[in-house]
Amino acid sequence: MRRDKPKTPERGRKGLSRRDFFRGAGVAVPTGLLASQAKAPKAAKAPAGAAPMLGPGRVPITLRINGKVEKLELEPRVTLLDAMRNYLDITGAKKVCDRGTCGTCTVIMGGDAVYACQVLAIEAQGKAITTIEGLNAGEQLHPMSQAFVNNDAQQCGYCTPGFVVACKAFLDKHPNPTREQIRRGLGGNLCRCGTYTGIERAVLEAAKAVKGGSAHA
Amino acid sequence: MPEYKWPEADKRSLIGKRHSRADGPVKSSGKAKYSSDISRPGMLHVLAVRCPYAHARVTSIDTSEAERMPGVKMVQVVVEPGKPNAETQWFLDHVALVAAETEEQAEDAVRKVKVQYERLPHLVTEYDRTAAGARARPQDAATTGDPDTAFREADVVSEGEYGARFISHCTLEPHGSVTEWKDGRLTAYLPTQALSGSVSQFASPLEVPNTNVRVICNHIGGAFGSKFGPDKWDIQAARMAKAAGRPMRYFTERNAELIVSGGRPSDFATVRIAAKKDGTIIGWQSDAWGTVGPSDRGAAPPLPYVFRKIPNIRTRYTGVGTNTGPSRAWRAPNHPQGCLLTMCALDDCAARLNMDPLQFFLKNISLVQGGRPEDYSTELLKCAEMIDWKKNWHARGDKTPGPIKRGLGLSIHTWGGLGHACQCDVKIHPDGSAEVTMGTQDLGTGTRTVMLVTLAETFGLPLNAVKLNIGDSDYPPGGASGGSTTVGGASTATRRGALDALEQLFQKVAPALGVPPDQLEAVNGKIQVKGNPAKSLAWKQACAKIGTNPIVARGACQAQAARKEKLIDADVGGAQMADVSVDIETGVVTLNKFVAAQDCGLIINLKTAESQMYGAMTMGVGYALYEERVMDQLTGRMLNNNMEFYKLAGLGDIGTIEVFMMTGKGYDERGVIGLGEPPVISPGAAISNAIANAIGVRVPHMPFTPDRVLAALEKGGVA
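On to the overall build of chain B. Check the secondary structure of chain B and you find 18 helices and 29 strands. Relative to the compact-globule value of 27 Å for 719 residues, chain B shows a C-alpha radius of gyration of 28 Å, a close match. Expressed as lengths along the three principal axes of its C-alpha atoms, the size of chain B is roughly 80 × 75 × 45 Å. Going through the 719 residues of chain B one by one, you find that 64% of them count as buried. A separation threshold of at least 6 residues defines the contact pool for chain B, and within that pool the share at least 24 residues apart is 80%.

Moving on, we get to the packing of helix 12 (residues 447-459) of chain B against helix 13 (residues 486-513) of chain B. Residues and elements named next belong to chain B. Here helix 12 crosses helix 13 at 25°, and the two axes come no closer than 9 Å. Between helix 12 and helix 13, the interaxial angle falls into the category roughly parallel. Judged by the twist between their axes, the crossing of helix 12 over helix 13 is right-handed. Between helix 12, through T447, V450, M451, T454, L455, T458 and F459, and helix 13, the contact on the second element is made entirely by T486, V487, A490, S491, T494, R495, A498, L499, A501 and L502. Among the residues making up the contact of helix 12 with helix 13, the classes are represented as 10 nonpolar, 6 polar and 1 charged.

As a further point, take helix 12 of chain B. Residues and elements named next belong to chain B. With 13 residues, helix 12 extends 19 Å from end C-alpha to end C-alpha; this agrees with the ideal 18 Å at 1.5 Å per step. The buried count for helix 12 comes to 13 of 13 residues, which makes it a mostly enclosed element. One or two positions beyond helix 12, positive phi appears at G460, with a value near 65°.

Here we come to the packing of aromatic side chains. All names here are of chain B. Inspection of the entire model under this criterion finds 10 aromatic pairs over all chains. Relative to Y250, the ring of W233 has its centre 6.2 Å away and its plane inclined at 40°; by these criteria the two rings are tilted. Linking W233 in helix 6 (residues 232-244) with Y250 in strand 13 (residues 248-251), this pair joins segments that are 17 residues apart in sequence. Of the two residues, W233 and Y250, both sit in the buried class. Judged by centre distance (6.4 Å) and plane angle (65°), the rings of F360 and F361 are edge-to-face. Judged by relative accessible area, F360 falls into the buried class, the value being 0%. The class for F361 is buried, based on a relative accessible area of 1%. Through pairs of rings, three or more aromatic residues link up here, namely F307, F360 and F361.

Our next topic: the domain arrangement of chain B. Residue and element names in this part refer to chain B. Assigned domains within chain B: domain 1 (35-121 + 175-251), domain 2 (333-417 + 569-714) and domain 3 (419-564). Of note, the centres of domain 2 and domain 3, computed from C-alpha atoms alone, are 39 Å apart. Taken residue by residue, the interface counts 16 residues in domain 2 and 15 residues in domain 3. Summed over the shared surface of domain 2 and domain 3, the result is 1 salt bridge. The partner of R563 in a salt bridge is D569, and the shortest N-O contact between them spans 2.9 Å. In this structure, the connection of domain 2 to domain 3 is made through 5 residue pairs in polar contact (both at pLDDT 80 or more). Considering only residue class, the side of domain 2 that touches domain 3 consists of 7 nonpolar, 6 polar and 3 charged.

With that out of the way, let us pick up the pairing of strand 21 (residues 466-469) of chain B. Where strand 20 (residues 434-437) of chain B and strand 21 of chain B come together, 4 bridges link them in parallel fashion. Bridge assignment links V436 of chain B to a residue of strand 21 of chain B, and that residue is L468 of chain B.

The final tally for this structure, using the stated rule, is 58 salt bridges over all chains. The partner of D82 of chain A in a salt bridge is K95 of chain A, with the nearest N and O atoms 3.0 Å apart. Taken as a pair, D82 of chain A in helix 3 (residues 80-87) and K95 of chain A in the loop between helix 3 and strand 3 (106-109) lie far apart in primary sequence, 13 residues in all. Between D474 of chain B and R214 of chain B there is a salt bridge, and its shortest N-O distance comes to 3.5 Å. With D474 of chain B in the loop between strand 21 and helix 13 and R214 of chain B in strand 12 (residues 213-216), this residue pair connects regions lying 260 residues apart in the sequence. Residue R214 of chain B is classed as partly exposed on the basis of its relative accessible area, which comes to 26%. Salt bridges linked by common partners bring E75 and R77 of chain A together with E107, D108 and R111 of chain B together as one network.

Attention shifts here to the sheet that holds strand 16 (residues 281-293) of chain B. Strand-to-strand pairing in sheets goes through backbone hydrogen bonds, with the strands running parallel or antiparallel. Residue and element names in this part refer to chain B. Reading across the sheet, the 6 strands line up as 7-17-16-15-8-29 and stay open at both edges, with mixed pairing between neighbours. Two strands close off the open sheet at either side, each with one partner strand: strand 7 (136-144) and strand 29 (701-702). Where strand 8 (residues 156-164) meets strand 15 (residues 267-275), 9 bridges bridge the pair, whose relative direction is antiparallel. By the bridge assignment, E161 is partnered in strand 15 with T270.

The rules behind these values
Residues numbered from 1 in each chain as written. Chains lettered and ligands numbered in written order. Predicted model: local features only at pLDDT ≥ 70, side-chain atom pairs only at ≥ 80, totals over all residues. Heavy atoms only, no water. Helix = DSSP H or I, 4+ residues; strand = E, 2+ residues; numbered from the N terminus. Rg over C-alpha atoms; globule rule 2.2 N^0.38 Å. Buried < 20%, exposed > 50% of the residue type's maximum accessible area, 1.4 Å probe, protein only. Contact = heavy atoms within 4.5 Å. Axes fitted to C-alpha atoms, helices over the stretch in contact; angles between N-to-C directions. Parallel < 35°, antiparallel > 145°, perpendicular 65-115°, else oblique. Left-handed = near helix turned anticlockwise from the far one by under 90°. Nonpolar A, V, L, I, M, F, W, Y, C, P; charged D, E, K, R; others polar. Expected span 1.5 Å × (residues − 1). Phe/Tyr/Trp six-rings, centres within 6.5 Å; stacked < 30°, edge-to-face > 60°. Domains from an automatic or database assignment. Salt bridge = Lys/Arg side-chain N within 4 Å of Asp/Glu carboxyl O. Polar contact = N/O pair within 3.5 Å; in protein donor to acceptor, adjacent residues only side chain to side chain. Pairing = 2+ DSSP bridges.

Next up, the structure:
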């Protein structure tokens with residue numbers, strides 16, 4: 001099985017990833033229990049050298065999604081995916097595996113395709129986030145979305161938004177992809193209906209459309 | 001009364017062409033709202049407390065601490081100690097539901113519900129029938145002809161064991177619903193394959209009249225047979241919504257989704273085949289078994305599959321009761337298993353006879369039942385051409401040097417696919433707009449597009465000039481989308497309703513054109529005198545004569561009547577061939593090429609029809625090579641209840657898939673036949689046969705994972 005995953009933030013990136021958080025949370029459990037009744041956002045003390053502790057109560061979080069600034073108060077454990085779906089009604093990205101396997105929650109963060117279920121909302125602060133809705137904010141369909149329509153690269157459509165975003169991010173980095181590059185580079189998204197044949201064609205078509213300048217990219 | 005039939009080939013402007021799916025843009029732009037995307041004001045999040053054991057009795061549940069947790073509004077115990085339902089029968093079955101303001105709060109509260117269990121003995125594996133003891137119950141036995149004599153008189157008897165392990169539906173959208181009450185009426189946002197039928201399934205247990213239930217499903221994230229009516233958790237959540245006076249959102253967590261919401265039952269069999277030297281099959285004997293889950297009985301796989309007319313047959317089936325989640329209809333229920341057990345046994349028989357399996361199948365093709373024998377032959381030969389069988393096939397065991405062995409395999413399959421009963425309203429408005437409305441659902445198969453193509457074709461309008469409303473149970477009743485019955489039902493009802501509406505329009509327009517209504521036709525955006533475009537009115541002008549109220553006609557599909565009219569038919573055939581490479585050092589199987597030829601009567605939309613083929617074959621690669629529910633007998637748990645170890649095929653795993661649809665004369669006249677299930681039946685068998693051809697030995701159990709391939713190689717073959 002070939003699965004080249006979109007980047008997960010713990011690979012040498014700054015800030016606090018979901019995994020760092022879990023590691024930290026193990027240390028901070030007693031503090032967490034004591035603080036559980038606290039209403040106001042509260043930062044717990046971190047052992048020296050560890051990531052700063054936040055929560056477990058709600059903390060203010062500011063996200064920039066599709067160019068819009070969203071101010072929220074969320075528990076630090078809330079993922080970017082849950083923040084979008086449960087608190088902002090941005091539902092294009094779907095929650096399926098919830099552990100970085102299937103890619104249905106793919107969004108573009110700081111130029112990279114990421115699994116929104118593997119990013120904490122607090123960690124996504126200060127980064128430009130683009131979702132499927134952002135790609136299709138205009139009147140015309142994004143060329144990648146249009147290529148999915150043209151090549152019937154979707155059936156039930158539940159994996160489609162994540163796949164379209166992953167394909168867009170992939171094309172940004174591989175504007176002239178070979179079939180082999182497509183098969184490796186998009187192995188981190190899964191489709192249950194089996195639309196891969198159409199997706200491969202859609203990526204090749206969109207690569208041409210973007211180069212031809214036929215639509216906004 | 002109009003004549004209800006499909007237009008002749010030369011009169012079709014839309015039917016049979018390639019059309020992009022109508023809901024493509026909303027899906028690919030992320031605007032499509034699935035049931036799991038619905039958010040209602042004041043909605044509470046519901047999560048389940050689940051039993052960690054395969055078989056246990058709940059002796060006590062203490063919810064008091066959970067109820068005091070922040071944000072918690074309700075804790076509903078659903079398995080009550082001391083009551084008959086206190087016994088849980090499978091891992092992760094739920095015993096209580098917790099509703100809270102946020103998902104995080106519900107998650108915390110679930111951990112605070114204290115449940116005491118008394119553990120009971122369990123059985124969770126069934127592939128070794130002898131270990132099942134009393135839980136293996138002989139269920140069916142049948143004999144036709146005289147198998148004993150046939151096996152005595154055979155020149156060759158081949159024998160083998162084959163099996164398909166249990167797989168999950170693994171729909172990407174989990175099972176669940178959003179339920180909301182207003183003025184005593186329930187609105188349920190339910191991902192369902194049976195929208196109209198779900199109304200009574202909510203109303204009855206909730207003890208409200210059917211009129212007080214509305215079910216909505218605009219889009220559904222995969223179903224494949226696992227999402228018919230509401231599940232017990234949907235009913236329970238609806239009760240909670242009523243009691244709390246707040247909408248409830250419940251969707252199954254992925255770790256539970258893979259075990260509690262159904263799957264395809266396993267089937268295993270030892271098979272013996274009797275044949276004459278010239279390749280004529282004269283006898284079949286099979287002894288099959290498989291899990292029936294918590295049920296008393298299960299459905300035996302159809303054996304022998306497709307080759308039903310083998311003259312002498314003896315079959316037996318034993319159901320094994322297990323403490324695992326129940327089975328559900330899985331795309332083409334029982335056929336993929338029956339197909340695997342049959343086609344692999346036949347392929348082994350051909351090998352025993354030193355015959356090319358293609359010749360062996362063609363020689364015995366008169367023994368098929370379901371589908372037409374001549375179609376199977378044509379389809380097998382078409383596939384052989386597509387995969388270059390003549391050049392690439394070799395006798396068992398690739399003798400070329402090196403660790404990569406290549407092989408070809410084939411299989412054939414059948415399915416019914418007769419259109420279901422359903423009704424729609426077709427409306428023509430005075431301004432010329434037109435629409436069809438039905439309480440049906442589009443699973444992603446392309447139902448919307450098929451109905452729109454049918455309506456536009458009948459009215460002689462372009463596709464973008466007609467509208468469609470589905471996904472709401474307040475509309476005229478649609479049928480359940482199961483058994484590949486929707487395309488026939490929905491297209492027939494739309495066609496009939498549209499023809500009736502058109503007849504009413506002709507009556508309004510006839511005086512202006514000076515001919516009787518039966519002399520009119522709707523073509524190219526006009527109502528015209530038949531064959532005379534000069535004597536015509538533009539569609540819009542014609543509709544202006546309707547008056548103030550729209551024309552409304554009810555269209556219906558009644559399966560048997562529609563079959564007589566040749567609007568629909570049943571029983572298709574299809575063939576598939578796989579070209580695989582097997583690395584005999586690692587056991588890894590790779591698809592090189594996978595081809596199919598399939599008939600399904602008259603095709604309304606060629607583009608979405610081909611997508612059903614690509615999709616089913618991709619799914620087939622997944623279940624042939626990767627998918628399996630792995631149960632641990634020691635703990636009773638499923639070991640791979642997540643998507644990194646319950647593996648679906650990825651984009652790089654499927655090789656090159658090519659499909660050929662049998663259309664035109666000889667096929668179109670049959671009318672419309674369903675296509676959703678047929679192409680998902682053969683992949684396991686075709687791939688298994690290709691592996692056997694490559695490595696020279698049968699890998700008995702599917703999925704054909706590296707460990708199983710290596711284990712088979714230990715016993716023989718090319719290694």
